[in-house]
Amino acid sequence: INTKRFASLLIKENPDYIISTHFLSSEISAYLKRNQKINSKIITVITDFGIHPFWLSKGTDIYVVALGSSRWQLILRGVEENNIKELGIPIDAKFLRRYDKSIIFKNLRLQQDKFTVLIVTGSFGIGPIEEIVDVLHNDVQILVACARNRRLYKRLKNKNYPNLRVFSFIDNIQELMAISGVIITKPGGLTISESLSMNLPQIFISPIPGQETENIKILAHYGIGIYLKNLTEIINTVIDFKEHPDKLNKIKEKINKIKKPHSAEELCRVICQSSIRATN
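Residues numbered from 1 in each chain as written. Predicted model: local features only at pLDDT ≥ 70, side-chain atom pairs only at ≥ 80, totals over all residues. Heavy atoms only, no water.

## Some words on the packing of aromatic side chains
Counting across every chain of the model gives two aromatic pairs. Pairing Phe23 with Phe54 gives two aromatic rings, centres 5.3 Å apart and planes at 40°, and the pair type is tilted. Here Phe23 is found in helix α2 (residues 23-34), whereas its partner Phe54 is found in the loop between β2 (41-45) and β3 (62-65), with 31 residues between them in sequence. Relative to Trp55, the ring of Phe23 lies with its centre 6.1 Å away and its plane at 80°, an arrangement referred to as edge-to-face. Of this pair, Phe23 sits in helix α2 while Trp55 is found in the loop between β2 and β3, placing the two residues 32 residues apart along the sequence. An aromatic cluster of at least three residues, connected via ring pairs, comprises Phe23, Phe54 and Trp55. (Phe/Tyr/Trp six-rings, centres within 6.5 Å; stacked < 30°, edge-to-face > 60°. Helix = DSSP H or I, 4+ residues; strand = E, 2+ residues; numbered from the N terminus.)

Listed below in structure tokens is the structure:
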């Protein structure tokens, strides 16, 4: 009932390709295809590192996954290996650019030689953000992106800590990532991919049970991302990273082995190659 207009649009347009980044749109598309309402090629881009059964829909032509472990999860669930492309999770091109860190530090009135921590709270500002800031602000520089949590934004702004910069909903998070030594964040698939692209080590907090906890498990398998459950662990880990940059460098080496920053370009190439074969 709720997706009738969307289904009608797909039937009317009957596109050559449907690229879906959400399991519901994939399911609707595959249902229409199975019932011969459309004959589109359906490409499902799985935007998490774990594979929830909701992502699987009979009639899907290609599944795009983030890592080799994601590929094997699909194979174990019965998907043909030829129908799986390990391309990564597509991200905005702004996360691929190089940034002049000195300019960003200057614009934010921060010291370039001081360890900087970025805290990204998710859409609604979930997690012990204020407590982390209160304990850490004397030891490191802190950037906090509060998103839609206006109450958190106002409380942090009112603290007037000299080493703290607070933002509401912003569109230049890549610049904050570029100058940070570590990011504290919820383990959402897109944020993880953006951070990997920027070679930014990650500390995970407040995961949503299900996909986000699965993301943590998979990245831990690759030695990337640390899930910390309490304030003491978070503080001690940040200070440890600050005092031992070699530990961060080892994580960055592991990131370089698995990151796939050009996923969107690779996906475009797959579609073009498929179109050429279909034409021939």
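## Overview of unusual backbone geometry
Backbone geometry at Gln36 places phi at a positive 60°, although glycine is not the residue there. Turning to its location among the elements, Gln36 is positioned in the loop between α2 and β2. Judged by its relative accessible area of 74%, Gln36 is exposed. Non-glycine residue Ser206 carries a positive phi angle of around 50°. Locating Ser206 in the fold gives a position in the loop between β9 (202-204) and α9 (211-221). (Buried < 20%, exposed > 50% of the residue type's maximum accessible area, 1.4 Å probe, protein only.)

## Brief notes about the pattern of salt bridges
Opposite charge on two side chains makes pairing possible when the charged atoms of those side chains draw close. Scanning the entire structure with this criterion turns up eleven salt bridges. In this structure, Lys260 engages Glu86 in a salt bridge whose closest nitrogen and oxygen atoms are separated by 3.3 Å. Of this pair, Lys260 sits in the loop between α11 (245-258) and α12 (263-279) while Glu86 sits in strand β4 (residues 84-86), placing them 174 residues apart in sequence. According to the relative accessible area criterion, Lys260 is partly exposed, its value standing at 26%. The partner of Glu266 in a salt bridge is Arg269, and the shortest N-O contact between them spans 2.8 Å. A residue pair is termed a helical-turn pair when its members lie 3 or 4 positions apart in one helix, as Glu266 and Arg269 do in helix α12 at three residues. For Glu266, a relative accessible area of 32% gives the class partly exposed. (Salt bridge = Lys/Arg side-chain N within 4 Å of Asp/Glu carboxyl O.)

## Regarding the side chain of Asn163
Considering the arrangement of structural elements, one finds Asn163 in the loop between α6 (150-159) and β7 (164-167). Classification of Asn163 as buried rests on a relative accessible area of 12%. When sequence neighbours within four positions are dropped, the list of residues in contact with Asn163 reads Lys114, His137, Val140, Gln141 and Ile142. (Contact = heavy atoms within 4.5 Å.)

## Here we look at the pairing of strand β1 (residues 17-20)
Taking every second residue as pointing to the same face, the buried face of β1 carries Ile18 and Ser20, while none of Tyr17 and Ile19 on the other face is buried. Bridge analysis of β1 against β2 gives four bridges, and the strand direction is parallel. The residue bridging Ser20 from the neighbouring strand is Thr44, located in β2. Each parallel crossover has a hand, and for β1 linked through α2 to β2 it is right-handed. (Pairing = 2+ DSSP bridges. Right-handed = clockwise from strand over helix to strand, strands pointing away.)

Note that every value here comes from positions in space, so none of it alone points to a role or purpose.
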